[in-house]
Amino acid sequence: MKLDAKIPEGPLAEKWSKHKFNLKLVNPSNKRKYTVIVVGTGLAGSSAAASLAELGYNVKAFCYQDSPRRAHSIAAQGGINAAKNYRNDGDSVQRLFYDTIKGGDYRAREGNVYRLAEVSVNIIDQCVAQGVPFAREYGGLLDNRSFGGAQVSRTFYARGQTGQQLLLGAYSALNRQIHEGKVEMFSRHEMLDVVTVDGKAQGIIARNLVTGEIETHAAHAVLLCTGGYGNVYYLSTNAMGCNVTAAWRAHKRGAFFSNPCFTQIHPTCIPVSGDHQSKLTLMSESLRNDGRVWVPKTKELAAQLREGKIKATELKEDERDYFLERKYPSFGNLVPRDVASRNAKEMVDEGKGVGTSGVAVYLDFADAISRLGEDAVRAKYGNLFDMYYQITDENPYKQPMRIYPAVHYTMGGLWVDYNLQTTVPGLYALGEANFSDHGANRLGASALMQGLADGYFVIPYTLGDYLATIGPKAIDVKHPAFTETKKAVEERLQKLLSLKGNKTVDEYHRELGKIMWEYCGMSRSEEGLKKAKKLIQDLKTDFWKNAIVLGTNEEFNMSLEKAGRVADFIELGELMIDDALDRNESCGGHFRVESQTEEGEALRDDEKFAYVAAWQYTGENKPEALHKEDLKFENVKLSQRSYK
Amino acid sequence: MSGNMNLTLKVWRQPNGNTKGTFVSYPAPGISPDMSFLEMLDVVNEGLVKKGEDPIHFDHDCREGICGMCSLHINGRPHGPKQAITTCQLHMRSFHDGETIVIEPWRASAFPVIKDLAVDRSAFDRIQHAGGFVSVNTGGVPDANAIAIPKPVADEAFNSATCIGCGACVAACKNASAMLFVSAKVSQLALLPQGQPERYQRAQAMVNQMDTEGFGSCTNTGACEAECPKEIKITNIARMNRDYFTANFFKEEA
């Protein structure tokens with residue numbers, strides 16, 4: 001199959017407006033004859049559901065949480081980028097585009113990224129109109145801060161709770177449409193399969209998580225806004241419920257999965273404290289505006305710190321190594337996430353790690369506190385400092401934070417074309433669930449931007465084109481595909497419920513996480529990946545023999561929910577390994593030890609790997625087929641990324 | 001490991017909304033003070049699963065204090081003994097060796113129990129559906145900097161908007177009143193210029209829906225404010241009352 005990204009012809013800056021003009025429209029009175037399913041209610045899902053309902057489509061929205069407001073976008077802290085240039089510091093759509101392409105290490109599509117930068121300015125307007133209380137200056141206008149990978153201040157924020165405020169804005173727009181009767185909301189529902197009829201997506205099978213009822217829902221199109229798959233690593237900054245099931249089921253129904261090995265390890269998270277750990281907590285990248293990252297200069301000093309013989313605050317300036325400032329003088333502490341993470345790992349590997357475990361580096365605010373005062377620092381980051389204190393029992397106003405990288409975001413996801421359509425007609429993927437805009441590394445404050453861009457400003461246009469093409473004829477729910485898919489879902493649930501072994505699902509999940517972190521985490525090698533592949537295959541076999549799944553389907557059953565999700569994660573894990581093996585180059589967050597510069601930076605191989613890997617499912621336990629979409633760069637020159 | 005604690009849990013177990021519930025005691029041995037409260041429950045649950053017993057069901061998701069999904073009445077207090085945090089941010093160092101911890105779901109007739117410690121808070125969503133929004137469609141809005149908003153006003157609106165909708169205010173209130181929750185949203189939008197056009201209808205619609213859902217009345221005891229993990233202020237309630245009465249007083253304009 002030839003992958004057609006459908007990038008419009010013409011100059012970069014005109015592609016989107018031209019494309020919008022060329023897209024077919026659905027007549028206003030016909031819109032109410034269409035039904036659209038939106039799965040997931042984070043930034044992408046809520047904004048899409050609300051915007052489509054405003055246009056007049058009937059929308060059915062689904063989320064696994066008890067309310068759409070709780071989707072994990074809510075936890076995004078730092079901010080949202082937009083090329084407003086309110087600072088007069090040289091920002092522009094072109095610069096945001098360039099920073100994003102470069103930050104992604106030249107593994108994203110020019111056309112998509114430019115469009116993202118273009119609509120970024122509308123997002124801020126929209127959110128303000130909804131009543132999102134962004135941070136403001138004394139003159140009453142919006143404030144900005146800086147984020148990694150950029151030399152301009154273009155990040156809008158609402159204290160350290162930007163995701164919360166943006167999601168509550170989108171949720172309020174969604175509520176208005178629920179009130180109007182245009183959106184029917186299904187909370188505590190989990191999508192377990194996509195129904196395809198003659199190759200087109202025409203509905204989903206969902207499980208009511210309270211009663212266990214398996215429901216069939218038909219629609220003219222299905223939008224997956226189901227987030228990322230970071231929980232494949234067990235420990236991540238994702239919420240406990242975040243999962244890949246919807247995307248993975250869609251993959252098995254024909255949607256190609258792209259660049260699954262592109263995962264983002266965020267440099268500033270609270271380090272692991274013990275085996276009981278259930279998740280990791282992020283300390284926003286915005287902290288790197290004022291915090292300085294360092295380790296002791298020598299291994300000896302580090303050892304004394306770990307043993308508690310000396311305190312971090314007692315170390316003199318010349319006993320500290322501010323390694324990011326030293327190695328990257330022009331970006332300093334604000335280098336992109338992949339670079340910051342790898343450097344932290346390097347320091348720990350050299351024996352300079354701190355904290356009792358030795359697997360951490362410092363993020364120090366002493367300078368900022370003496371420069372700005374404790375109150376000013378509290379006003380900016382208060383909630384983050386409180387959270388840190390709560391979790392570690394250490395006061396970050398008095399001593400440096402301990403931080404270490406953790407899995408945070410997945411750039412990979414379902415392959416989509418310029419219209420956000422997957423390889424299954426009628427099936428779309430938005431936000432983190434798709435692969436399209438961040439290449440091999442996402443810049444900070446760009447996830448919120450992309451989720452809302454897709455939902456508010458892209459899909460309302462592109463979906464209409466497809467709907468106009470298929471026409472408003474009612475979907476035939478009597479088609480055997482609905483009953484067959486439902487039956488397959490029920491059989492799988494029964495198979496899971498029949499597992500009465502001796503190992504808990506959490507044990508399998510932890511084991512999978514360890515394999516992935518060890519061999520497909522911050523650095524990857526051919527040897528390690530090959531080993532990991534075998535380990536995962538064995539884990540899968542073992543899971544389907546020895547896992548314990550309790551209870552029945554017809555009840556609120558945590559045990560069953562978790563089992564289904566972990567089973568899918570195991571399969572995804574293997575595909576991630578395959579993808580990492582295939583991509584024998586380093587780029588962004590994907591670091592193959594075989595491919596690095598003399599200074600240990602990621603070394604791309606543009607000759608061989610300037611493509612999007614798109615994997616096709618070919619059957620149970622069969623190797624997936626790799627398709628390649630070549631990336632064309634007509635507007636930027638590919639160069640070795642440098643933040644020095 | 002040294003410093004680990006042996007605890008006893010008294011947990012509310014209830015298979016579903018139609019069956020009567022009861023307290024069941026479970027030992028929780030070897031609990032590290034560095035665990036979060038929910039991680040402690042994970043450990044207990046893993047033990048139960050190994051024995052083939054149904055794990056304790058509770059709501060939780062982000063585990064960083066922002067999604068509002070976790071709840072739990074711990075030793076008689078919503079989100080446990082500490083101020084201004086959710087249950088997922090509560091750590092076991094707040095308890096001591098040998099302690100018995102009583103864990104209950106939110107108790108309010110508007111929040112019926114679904115199973116064990118999980119309750120149905122969809123009433124909160126329905127209150128938001130009634131008016132918790134500014135009626136603007138996507139697109140066609142003015143530039144974000146077109147209206148200047150004084151920083152103190154924006155900050156105050158943010159303080160109200162920080163509500164996570166967990167329901168602790170209702171659980172803390174002897175009347176199971178939802179006034180703090182509703183007033184937080186009403187206030188956020190009443191403070192901002194964008195919320196002015198629908199300000200009074202909004203207060204009216206949301207309060208009316210709140211009453212329909214069966215939440216109790218406010219008698220100004222202030223328990224909600226004391227227990228709110230996000231420190232939402234009770235002054236929001238005063239603001240909402242003012243708007244609600246204004247709306248009723250000038251009905252034809254509202």
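What you see as residue numbers is a count from 1 along each chain, following the sequence as written. To read the labels, note that chains go from A and ligands from 1, taken in the order they are written. Since the coordinates come from a predicted model, pLDDT governs what is reported: local features require at least 70, and pairs of side-chain atoms require 80 or more to be given and counted, while whole-chain, interface and lining totals use all residues.

Draft legend 1. Main features of the overall build of chain A. The helix and strand inventory of chain A stands at 18 helices and 21 strands. Here the C-alpha atoms of chain A give a radius of gyration of 24 Å, agreeing with the 26 Å that 2.2 N^0.38 yields for 644 residues. Judged by the C-alpha coordinates and their principal axes, chain A covers about 75 × 60 × 50 Å. For chain A, restricting intrachain contacts to residue pairs at least 6 apart in sequence, the fraction spanning at least 24 positions comes to 74%. Comment: elements are numbered from the N terminus, with helices defined as DSSP H or I runs of at least four residues and strands as E runs of at least two. Just to be clear, the radius of gyration here is over C-alpha atoms, and the globule rule we use is 2.2 Å times residues to the power 0.38. C-beta atoms are placed from the backbone for every residue, and two residues are taken to be in contact when these atoms lie within 7 Å.

Draft legend 2. Geometry of the overall build of chain B. Helix and strand content of chain B: eight helices and seven strands. Put simply, a residue is buried when 20 or more other C-beta atoms lie within 10 Å of its own C-beta and exposed when 12 or fewer do; between those, it is partly exposed, and each C-beta is set from the backbone. Counting over 254 residues, chain B shows a buried share of 55%. Here the analysis covers contacts within chain B between residues at least 6 apart in sequence; of these, 70% occur between residues at least 24 apart.

Draft legend 3. A look at the environment of L223 of chain A. All names here are of chain A. Tracing the sequence through the fold places L223 in strand β9 (residues 221–224). Considered as a pair, L223 and V38 are 185 residues apart in the sequence and their alpha carbons are 4.8 Å apart. Once residues lying within four places of it in the same chain are set aside, the contact partners of L223 are V36, I37, V38, V39, A48, Y428, L430 and I459.

Draft legend 4. How the structure looks around the domain arrangement of chain B. Residues and elements named next belong to chain B. Domain borders in the structure are assigned automatically or taken from a domain database. According to the domain assignment, chain B contains domain 1 (5–114) and domain 2 (122–249). The centre of domain 1, based on its C-alpha atoms, is set 29 Å off from the matching centre of domain 2. Counting residues at the interface gives 18 residues for domain 1 and 16 residues for domain 2.

Draft legend 5. Spotlight on the sheet that holds strand β11 (residues 263–269) of chain A. Residue and element names in this part refer to chain A. Taken together, five strands build an open sheet; the order of strands is β11-β15-β14-β12-β13 and the sheet is antiparallel. Of all the strands in the sheet, just β11 and β13 (320–321) have a single pairing partner and so form its edges. The pairing criterion is simple: DSSP has to find at least two bridges between the two strands. Alignment of strand β14 (residues 361–364) against strand β15 (residues 401–410), held across three bridges, turns out to be antiparallel. In the strand pairing of β15, V361 is matched with I403.

Draft legend 6. Geometry of helix α12 (residues 374–392) of chain A. Residues and elements named next belong to chain A. Expected helix span is taken as 1.5 Å per residue step, with the number of steps being one fewer than the number of residues. With 19 residues, α12 should cover 27 Å at 1.5 Å per step; its first-to-last C-alpha distance of 20 Å lies more than 12% under that length. Fitting one axis to the seven residues ending at a residue and another to the seven starting there, the bend at that residue is the angle between the two axes. A maximum bend of about 85° is found in α12 at Y381. Every buried residue of α12 is listed here: V377, K380, Y381, L384, F385, M387, Y388 and Q390. Contacts made by the buried residues of α12 are with α11 (366–372) and β15. D393 lies just past α12 and shows a positive phi near 65°.

Draft legend 7. Just the domain arrangement of chain A, in detail. All names here are of chain A. Split into domains, chain A comes out as domain 1 (12–262 + 411–470) and domain 2 (266–408). Each of domain 1 and domain 2 was reduced to a C-alpha centroid, and the two centroids are 32 Å apart. Of the residues lining the interface, 22 residues belong to domain 1; the matching set on domain 2 comes to 25 residues. Looking at the side of domain 1 that touches domain 2, its residues break down into six nonpolar, 14 polar and two charged. Three residue categories are used. Nonpolar comprises Ala, Val, Leu, Ile, Met, Phe, Trp, Tyr, Cys and Pro, charged comprises Asp, Glu, Lys and Arg, and polar comprises the others, including Gly.

Draft legend 8. Main features of the sheet that holds strand β6 (residues 189–197) of chain A. Residue and element names in this part refer to chain A. Strand order in the open sheet formed by three strands is β6-β7-β8, with antiparallel pairing between adjacent strands. Every interior strand has two partners, whereas the edge strands, β6 and β8 (214–218), have only one. Each neighbouring strand pair of the sheet contributes to a mean axis angle of 25°, computed without reference to strand direction. Pairing of strand β7 (residues 200–208) with β8, which is carried by five bridges, proceeds in the antiparallel orientation. Residue pairing for β8: I205 is matched across the bridge by T216. The sheet contacts of helix α14 (residues 480–497) involve β6, β7 and β8, and relative to β6 the element is tilted by about 140°. Interaxial angles span 0 to 180 degrees and are taken between N-to-C directions of axes, which are lines fitted to C-alpha atoms, for helices over the stretch in contact.

Draft legend 9. How the structure looks around the interface of chain A and chain B. Counting from both sides, the interface comprises 63 residues of chain A and, opposite them, 66 residues of chain B. Of all the elements in the fold, those that place two or more residues in the side of chain A that touches chain B are α3 (43–55), α5 (110–130), α6 (162–179), α12, α13 (447–470) and α17 (558–582) of chain A. A total of nine residues in the side of chain A that touches chain B trace back to one element, the largest contributor, which is α6 of chain A. Classifying every residue of the side of chain A that touches chain B by side-chain character gives 24 nonpolar, 26 polar and 13 charged.

Draft legend 10. Fine view of unusual backbone geometry. Phi at A445 of chain A is positive, roughly 70°, even though this residue is not glycine. With respect to the secondary-structure elements, A445 of chain A resides in the loop between β17 (427–429) and α13.

Draft legend 11. Fine view of the nonpolar core. Within the largest apolar cluster, 293 residues are counted, with the highest numbers of intra-cluster contacts made by L223 and L224 of chain A. Not counting residues up to four positions away in its chain, the partners in contact with L224 of chain A are V39, G40, A246, A247, A250, L414, Y428, A429 and A433 of chain A. The nonpolar core criterion groups buried Ala, Val, Leu, Ile, Met, Phe, Trp, Tyr and Cys residues into a set whenever they are joined through C-beta atoms within 7 Å.

Draft legend 12. The arrangement of α3 of chain A in detail. Residue and element names in this part refer to chain A. Given a rise of 1.5 Å per residue, 13 residues ought to cover 18 Å, and the 18 Å separating the end C-alpha atoms of α3 matches this to within 8%. By the criterion of burial, α3 is predominantly enclosed, with 13 of the 13 residues buried. Once α3 finishes, G56 follows within two positions and takes phi at roughly 120°, a positive value.

Draft legend 13. Layout of the environment of Q421 of chain A. All names here are of chain A. Checked against the element boundaries, Q421 lands in the loop between β16 (413–414) and β17. The spatial distance from the C-alpha of Q421 to the C-alpha of K252 is 16 Å, given a sequence separation of 169 residues. Discounting chain neighbours no more than four positions away, the residues touching Q421 are V416, Y428 and Y466.

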